[in-house]
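Listed below are the residues making up each chain.
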Amino acid sequence: MRTDQPQTIYLSEYKVPAYLVEQIELRFELFEDGARVHSTLTVRRNPESQETGKPLELDGDSLKLESVALNGETLESTAYEDRGDKLVVPDVPEQFQLAVVTWIEPQNNTRLEGLYKSSGMFCTQCEAEGFRCITYYPDRPDVMARFRTRIEADKSAYPVLLSNGNPVEQGDLDNGRHFVTWEDPFPKPSYLFALVAGDLVEKRDSFTTCSGRDIDLRMYVEPRNSEKCDFAMDSLKRAMRWDEEVYGREYDLDIFMIVAVDDFNMGAMENKGLNIFNSSCVLASQETATDAIFQRIEAIVAHEYFHNWSGNRVTCRDWFQLSLKEGFTVFRDAQFSADEGSPTVKRIEDATLLRTAQFAEDAGPMAHPVRPASYIEIGNFYTLTIYEKGEEVVRMIHNLLGSEMFRKGSDLYFERHDGQAVTTDDFVKAMEDASGRDLTQFRLWYEQAGTPVLNVEDDFDAEQGVYRLTIRQTVPDTPGQTNKKPQHIPFALGLLDSNGDALPLNMDAAETDAPTERVLEITGAEHRFEFYGLDEKPVPSLLRDFSAPVRVHYPWAREQLLFLMSHDPDGFNRWDAGQRLAIDVIQSLIGHDDETEIEPRLVESYRGLLNNDSLDQALVAKMLQLPSENYLVELSEQADVPSIHHARERVLLHLANALRDDLLACYQRNNQAGEYELTSDAIARRSLKNIALGWLLHIGDEEALALATEQFQNADNMTDRLGALRALVNSGFDQERTEALDAFYEQFQHDPQVVEMWFSVQSASHKTGQLPHIRHLLGHEAFDWKNPNKVRSVVGAFAGQNLPAFHNPDGSGYEFLAEVICRLDDSNPQIAARLVTPLSRWKKFAPTYSEQMKKALESIRDKEALSKDVYEVVHKSLAD
Ligand code: B3K
Ligand code: ZN
């Protein structure tokens, strides 16, 4: 058990830095048994700091200090204090140079923070607090310095030496070594520092900016990946153009580099001029990546690129402001993806993630505001709330102000704060100043945690022709926050008559030419809205396009949902009506025997969808997908996973049996030969085809088995090959499943990203992902505990997606996860802490489950030398 209590950091205790760093000169000597880091800082006292006379304190973590020199004079060890996590130098003048030499061991760095080795190359990850694992430094984002970095390494093993900015010098050294010096003209916080050294191939392209400057674009990958760069490069160029056109943002350096590494804790990192990517988020070819992966790569490449302005040029004052750069940048990448593909489908995907996972976070023990007030380990706050809810908050500002004013606001924000480290409040202020709107109440979105709930009631006065909507708002209590104030919620609405026509929303008896859609602004605890001049009670279409991240409760009748599914002009709400209907049907079966009738109208509505060729096929494909088990759990109290799974399976089997011929026809119709294309339509067709195949195999259809086998063997792209594999794995055809899994591994065993897909297809499937098989996968030759992608693809997929196996009533799934977390806690605490999430939701489940989940959490809590990452999540999960 951990005996000391890790310290909590509070936003309210923020102080400006006592010292500023103008310049940092780094020299890295890279060797096989370690690296020597020479750092020379040009420091001055911060005139804005009240803490006069405060000693200089630099952050450090796992460093071996070799020497300290002040203005060229080596200091005796009595002239400073090396506390391990701090280097304290008490007597320093107003301005000085401090030279520090440290020794580190990148080859033994399994945390993947700071400087480490991945597949033989050196690379870095410094956000949020990784730079302190490289050298002693004021490792906080409001200290911004100009970096000059010299890297020295063996020339044949590490021919490529990269850092931020521009290369200014290079040459050979003794003993087969060489060096390159990089200079970054833009002052930046340490979290944006990057270094890469390896034997990499270079892919080059170029981009001409709106002002006519030519930018060198370079991708660096291991030789075996050299054919997998084109899509990311193309995405980058499209993102660069888009940011010029939509936000007026031009790239600022002469070189932009992307490096792919296999061992990486998250997706990618926006280091200035040198973005580092998890291989799985940047490398792709038709044969090895699915459509979903292509789309993810496009979004992440754009996201990291967009950070150059929203994050790098204007950065965060402190880590409580993380959503300043993340929420805004996710909003920007979502706008980009919407413009590049199907906007409705993008919105559906984002809302699904939010409602399934962020709402769960907001209702769980780790709930925190978009701008948190405290944390123990900042690594635990790269959350769905910071990213996805943060995006929704920016989106609401966009929707309240309109595109034009929002652009004025973002222009003002970038201009006013260029080169500064600022707060979410500065962002909102720029939006207010540019638009003249008062966002005082809106700021509560940053301060209050929890998902607001809107209860909607309506009635129709036939005599007066008036339709009334009453909307009541509550914001639930969350850990440490009660009695919350009402928030400012944009609520988009339409009304339909019985023909499905949009009605004018006449809110003033005298109004003519009223619009058919309005964004109502809800600010109080209760509002009543009246709509005049109606002949019949309309069907309301509420919260169109998911205009705010809230839960809406309205007593939907099934016929209303069926009606909206086929008539709502708002694509998002058509999909949402289908989801609500499916949820209602599934929920009505939970805990009932198999004789309970399944809503007969469901089949006809799905048949209508399968045969609808006038609707956007991408939307149709989304509408055909039943709500996930995770979402059904999120919507329940005292969840009983086997019952939820069983009810959902019943509906799926019922639909698949009744629609067998339509599914087969849908498969045939969408199984078109021809060039592989990544258009929205082609993606939708592959998706429809593979959904149909999955459903048909689920009911054991022999004809579909033949089609799946054929598709699996002959597909010219990974979407279809994996679609067929997944359908086979989830089917009852045991022999074909085994043959396909073996053949797939045989064919792709040399490609780590494809092997990860192979792992996760098995781990997420309730057919193959039982615990003994999961343990078998952990012992597989391709599994590697040190590689986060492998851990995610086996353990993450099992605990996060394979609900029936993870929630085995005997508790074995929970014990297994606890065991894995304890093992990983010693090598990679960030990844270990992420894996606690499924257990942290224990209060959501029926007692049989929750009691055992709690025990598993307690067993983690009792581990020796628990990291503060895991400590924080486990302790908060167990708190009352
Ligand atoms: N800013 C990084 C995330 C860093 C996470 C550190 N634990 C990637 C991104 O959001 O673009
Ligand atoms: Zn980001």
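Residues numbered from 1 in each chain as written. Chains lettered and ligands numbered in written order. Predicted model: local features only at pLDDT ≥ 70, side-chain atom pairs only at ≥ 80, totals over all residues. Heavy atoms only, no water.

An unreviewed UniProt entry lists the protein under the name Aminopeptidase N, from Marinobacter persicus. Per UniProt, the protein has the following entry under Catalytic activity (unreviewed entry): "Release of an N-terminal amino acid, Xaa-|-Yaa- from a peptide, amide or arylamide. Xaa is preferably Ala, but may be most amino acids including Pro (slow action). When a terminal hydrophobic residue is followed by a prolyl residue, the two may be released as an intact Xaa-Pro dipeptide." Turning to the protein, the UniProt record has this under Sequence similarities (unreviewed entry): "Belongs to the peptidase M1 family." (UniProt positions renumbered as here; feature names shortened; annotations may be inferred.)

A. Region of interest: the side chain of Asp-318. Locating Asp-318 in the fold gives a position in the loop between β22 (315-316) and α3 (322-340). Using a relative accessible area of 7% as the deciding quantity, one classes Asp-318 as buried. Within the structure, Asp-318 has its side chain in polar contact with the side chain of Arg-317 (distance 2.7 Å). Polar side-chain contacts of Asp-318 include one of 2.9 Å to the backbone nitrogen of Phe-320. The contact partners of Asp-318, leaving out residues within four places of it in the chain, are Leu-11, Tyr-14 and Pro-141. (Helix = DSSP H or I, 4+ residues; strand = E, 2+ residues; numbered from the N terminus. Buried < 20%, exposed > 50% of the residue type's maximum accessible area, 1.4 Å probe, protein only. Polar contact = N/O pair within 3.5 Å; in protein donor to acceptor, adjacent residues only side chain to side chain. Contact = heavy atoms within 4.5 Å.)

B. Focus on the pairing of strand β25 (residues 453-461). The pairing of β25 with strand β26 (residues 466-474) spans nine bridges and is classified as antiparallel. The residue bridging Leu-454 from the neighbouring strand is Gln-473, located in β26. Linking β25 to β26, which pair antiparallel, is a turn of four residues; within it Gly-465 sits at a positive phi near 70°. The pairing of β25 with strand β31 (residues 551-553) spans three bridges and is classified as parallel. Its bridge partner lying in β31, Asn-455 is registered against His-553. (Pairing = 2+ DSSP bridges.)

C. Quick look at the site of ligand 1. The immediate surroundings of ligand 1 are formed by 13 residues, with Glu-127, Glu-270, Glu-304, Glu-326 and Tyr-387 found nearest. Separating a nitrogen atom of ligand 1 from a side-chain N or O atom of Glu-127 is a distance of 2.6 Å. One nitrogen or oxygen atom from the side chain of His-307 is found 3.2 Å from an oxygen atom belonging to ligand 1. In isolation ligand 1 exposes 340 Å². Once the protein is present, 94% of that is buried. Those elements that provide at least two residues to the shell around ligand 1 are β20 (268-269), α2 (291-306) and α3. For the shell around ligand 1, the residue count by class is five nonpolar, three polar and five charged. (Near = heavy atom within 4 Å. Areas by Shrake-Rupley, 256 points an atom, 1.4 Å probe, with all protein chains shown as cover. Nonpolar A, V, L, I, M, F, W, Y, C, P; charged D, E, K, R; others polar.)

D. Examining the UniProt feature "domain: Peptidase M1 alanyl aminopeptidase C-terminal" (unreviewed entry) in the protein more closely. Mapped onto the present numbering, the UniProt feature "domain: Peptidase M1 alanyl aminopeptidase C-terminal" (unreviewed entry) falls on residues 559-879. End C-alpha to end C-alpha, residues 559-879 measures 44 Å, and it is 72% helix and 0% strand.

E. Geometry of the UniProt feature "domain: Peptidase M1 membrane alanine aminopeptidase" (unreviewed entry) in the protein. The UniProt record annotates "domain: Peptidase M1 membrane alanine aminopeptidase" (unreviewed entry) at residues 231-442. For residues 231-442, the end-to-end C-alpha separation is 39 Å, with 55% helix and 9% strand making up the annotated structure.

F. Region of the structure containing the coordination of the zinc ion (ligand 2). The protein atoms that coordinate the zinc ion (ligand 2) are His-303 (NE2), His-307 (NE2) and Glu-326 (OE), at distances spanning 1.9 to 2.1 Å. Residue Glu-326 is classed as buried on the basis of its relative accessible area, which comes to 1%. (Donors = N, O, S within 2.8 Å, 3.2 Å for Na, K, Ca; no water.)

G. Main features of the environment of Ser-374. Residue placement: Ser-374 occurs in strand β23 (residues 374-375). A residue is classified by how much of its surface remains accessible, and Ser-374, at 25% relative accessible area, is partly exposed. Taking the C-alpha atoms as reference points, Ser-374 and Phe-320, separated by 54 residues in sequence, lie 7.6 Å from one another. Setting aside residues no more than four positions away along its own chain, Ser-374 makes contact with Thr-8, Ile-9, Tyr-10, Phe-320 and Phe-381.

H. The arrangement of the sheet that holds strand β27 (residues 489-496) in detail. Strands sit in the order β28-β27-β30 across an open sheet of three strands; the sheet is antiparallel. Edge strands, defined here as strands with exactly one partner in the open sheet, are β28 (517-522) and β30 (539-542). Each adjacent strand pair in this sheet contributes to an overall mean axis angle of 35°, direction not counted. Here β27 runs beside β30; their pairing, made up of four bridges, is antiparallel. Note on β30: the bridge partner recorded for Leu-493 is Leu-542. Running at roughly 65° to β30, helix α9 (residues 558-567) makes contact with β27 and β30 of the sheet. (Axes fitted to C-alpha atoms, helices over the stretch in contact; angles between N-to-C directions.)

I. Examining the packing of helix α10 (residues 571-589) against helix α14 (residues 641-658) more closely. Between α10 and α14, the least distance of the axes is 8 Å, while the angle of their chain directions is 120°. With respect to their mutual orientation, α10 and α14 come out oblique. By crossing handedness, the relation of α10 to α14 is classed as right-handed. Residue-level inspection shows Val-585, Ile-586 and Leu-589 of α10 in contact with α14, the latter providing Ala-647, Arg-648, Arg-650 and Val-651. Its residues assigned to classes, the contact of α10 with α14 shows five nonpolar, no polar and two charged. (Parallel < 35°, antiparallel > 145°, perpendicular 65-115°, else oblique. Left-handed = near helix turned anticlockwise from the far one by under 90°.)

J. Summary view of the packing of helix α16 (residues 680-698) against helix α18 (residues 718-729). In the contact formed by α16 and α18, the axes pass within 8 Å of each other and the chain directions differ by 15°. By the criterion of interaxial angle, the relationship of α16 to α18 is roughly parallel. You can see that α16 and α18 cross each other, and the crossing is right-handed. Of α18, the residues touching α16 (which contributes Arg-686, Lys-689, Asn-690, Leu-693, Gly-694 and Leu-697) are Thr-719, Asp-720, Gly-723, Ala-724, Ala-727 and Leu-728. Across the contact of α16 with α18, the residue classes break down as five nonpolar, four polar and three charged.

K. Representation of the packing of aromatic side chains within the structure. Tallying each qualifying case throughout the model produces 46 aromatic pairs. Seen in terms of ring centroids, Phe-294 and Tyr-676 are 6.3 Å apart; in terms of plane orientation they differ by 45°. Their pairing is tilted. Of this pair, Phe-294 sits in helix α2 while Tyr-676 sits in the loop between α15 (660-670) and α16, and the two are 382 residues apart along the sequence. Exposure class is identical for Phe-294 and Tyr-676. Each is buried. With 5.7 Å between their ring centres and 75° between their planes, Trp-309 and Phe-414 make a pair best called edge-to-face. (Phe/Tyr/Trp six-rings, centres within 6.5 Å; stacked < 30°, edge-to-face > 60°.)

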